[in-house]
Amino acid sequence: MERRLAPEQLRSHRWYGTETVRSFNHRARTRQLGLSAEEHMGKPVIGILNTWNELNPCHIHFRERAEDVKRGVWQAGGYPVELPVISLSESFQKPTTMLYRNLLAMETEEMIRSYPVDAAVLMGGCDKTTPALLMGAISMDLPAIFLPCGPMLPGNLRGEVLGSGTDVWRYWADKRAGLVGEPVMRDLEEGIARSPGHCMTMGTASTMTSAAEVLGMTLTGAAAIPAVSSAHTRMAAATGRRAVDMAWEDLRPSHILTAEAFADAVTAVLALGGSTNAVIHLIAMARRRGIDLTLDDFDAASRKVPVLADLRPSGTYLMEDFYLAGGLPALLSRVTDLLHPDRPTVTGRSFGEGIADAQVYDDKVIRPREDPLSQEGGLAVLRGNLAPDGAVIKHVAAEPWLLRHTGPALVFDGHRDLMRRINDEDLPVTPDSVLVLRGAGPRGGPGMPEQGMLPLPDRILKAGVRDMVRISDARMSGTSYGACVLHVAPESHVGGPLALVRDGDLITLDVEARLLTLDVPEEELARRRAEWKQPGTVFRRGYGSLFDAHILQADQGCDFDFLAGSGGAPEPDTE
Ligand code: FES
Ligand code: MG
């Protein structure tokens, strides 16, 4: 039975509709905006949180899309207000957008709390913008619907189809190995990112917008629609229309985001061969809802969910192919036995109803269950004396012979040290070495930058080797690949065992056994621990020192300790 609010029950009524001088002022100031009373009074206010800015090429179509959302809101009898929020541009923002995910989450929560908003449209897509907007909306718990920015067109170089990130790393390695010259690199520069929209591989952006869709926070099929498609424009208007209904229905994230919804998001991420970053973001989002999602949930799911999407970096195709093959609903229709159909979504229909009619139009892109890209999921959670609180590897994107490997450590203290020494002539490196990067975690990075795909030494590349075991407390771009063990927790900066590794120590990675061990006697480790000194923070003031004081470790989602959960702040007094 659907709930329906009366106009006086709308949250915004307290701003506009009461017999107080404050309310009078809000009406007068809306006349100042150029609106007459009959245009907005009694209508739900739909806040459109737009992460557009001119240094975020992934969202550069969002100025127009916001107008499409508004069109939908007006059509359905709502009052749209666009509220710009910070953009997290994966390509430009330094040192890493991860430093600012929680800032956008805080801004989202406080914007919809402090303004007369009845429902929110969350416009995002470039990597961290999706979890950030959703985390804020979950904590505020007003009706909210997510509008994914859509993937960009496939990249192209002289007729060869290219994927963002993935193929750039590959060409850059070839350039360093002396295999391609400047003219090709110039064409690559012009062909790799050909349109607005997020990275069109199954990187973090595609993974997280898909997760948002499975969670039930977008219209059905929204995540895969290419950014520049007319279907994207229509989806934006439909999202605006639906937001108005959601305001009347008072349909909140707390109604939609159940433990089952998160379990299904994990399943979908694995079936997609999605980004390792999803582990951190989904754990953080679940904690906002008070749901205990852990690394072990990912590992358990990974053992039973096959990778069906043949998308780069693990597979061959790109997001437009995935869209034309039927998109996420089509993929989900092949794993319905692993999903929970009877749960609500923002669409007003159940999750199961949304995907009931979905069909796969291309078995090469969305593989049948009998012919998966990989029988096991794309993630393994490793533990051992080197990662007591866990580490993550996307083994489907690694060279198989490295998945059980013992080799001598070669340790780098931070990214600068790595870049300075990796090509030293006398670096004692062989293809068997285990490259270790520390000081790149949530506090040490700071911000846990995407430095986890450590570059291989030129010498090794020239010998034709393209993968080595690499271990770090960093993250890795969702478009990256290789035998990279990531998110080692606790990080070295807070005294995790990674801080105690020395050159030549033997490290064993065994993905099958889910092990990551350092072959050094405990007495020796205790001696090294006693000598260890914690590095200081680089921050003296400002947001950085807030971050340093409150950031949680990777296994807990890197949220700020004081942001977990929802509620806890009073509704603002409008009288
Ligand atoms: Fe925006 Fe990749 S840079 S999604
Ligand atoms: Mg990325």
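No experiment lies behind these values; they were computed from the predicted model shown.

Novice: Would you mind going over the UniProt feature "domain: Dihydroxy-acid/6-phosphogluconate dehydratase C-terminal" (unreviewed entry) in the chain with me for this structure?
Specialist: The residues that UniProt annotates with the feature "domain: Dihydroxy-acid/6-phosphogluconate dehydratase C-terminal" (unreviewed entry) are residues 364-558. A distance of 36 Å separates the end C-alpha atoms of residues 364-558, which is 16% helix and 22% strand.

Novice: Got a minute to help me understand the nonpolar core in this structure?
Specialist: The nonpolar side chains of a soluble globular protein tend to be buried with one another. One finds V121, L122 and L282 to be the most contacted residues of the largest nonpolar core, which totals 164 residues. The element that contributes the greatest number of residues to this core is helix α10 (residues 230-249), accounting for nine residues. The contacts of L282, once residues within four sequence positions are left out, are A211, F262, A265, V266 and L293.

Novice: For this particular structure, what's the right way to read the sheet that holds strand β3 (residues 119-124)?
Specialist: Adjacent strands of a sheet pair through backbone hydrogen bonds, lying either parallel or antiparallel. Strands sit in the order β2-β1-β3-β4 across an open sheet of four strands; the sheet is parallel. Looking along the sheet, the strands with just one partner apiece sit at the ends: β2 (79-84) and β4 (144-148). Recorded for the sheet is a direction-independent mean angle of 20 degrees between the axes of neighbouring strands. Both strand β1 (residues 45-50) and β2 contribute to a ladder of six bridges, which runs parallel. Pairing of V45 across the sheet is with Y79, part of β2. The sheet strands contacting helix α4 (residues 62-75) are β1, β2, β3 and β4, and the helix crosses β1 at an angle near 165 degrees. Helix α5 (residues 101-114) contacts β1, β2 and β3 of the sheet and is inclined by roughly 160 degrees relative to β1.

Novice: Would you mind going over the packing of helix α6 (residues 129-140) against helix α13 (residues 277-288) with me for this structure?
Specialist: Think of two packed helices as two axes; the pair is described by the angle between the axes and how far apart they sit. Packing of α6 against α13 leaves a shortest axis separation of 9 Å and a crossing angle of 10 degrees. With respect to α13, the element α6 is oriented roughly parallel. Residues P131, L134, M135, I138 and S139 of α6 pack against H281, A284, M285 and R288 of α13. Looking at the contact of α6 with α13, its residues break down into six nonpolar, two polar and one charged.

Reading the values: the criteria
- Residues numbered from 1 in each chain as written.
- Chains lettered and ligands numbered in written order.
- Predicted model: local features only at pLDDT ≥ 70, side-chain atom pairs only at ≥ 80, totals over all residues.
- UniProt positions renumbered as here; feature names shortened; annotations may be inferred.
- Helix = DSSP H or I, 4+ residues; strand = E, 2+ residues; numbered from the N terminus.
- Core = buried A, V, L, I, M, F, W, Y, C linked by C-beta atoms within 7 Å.
- Buried ≥ 20, exposed ≤ 12 C-beta atoms within 10 Å, placed from the backbone.
- Contact = placed C-beta atoms within 7 Å.
- Pairing = 2+ DSSP bridges.
- Axes fitted to C-alpha atoms, helices over the stretch in contact; angles between N-to-C directions.
- Parallel < 35°, antiparallel > 145°, perpendicular 65-115°, else oblique.
- Nonpolar A, V, L, I, M, F, W, Y, C, P; charged D, E, K, R; others polar.

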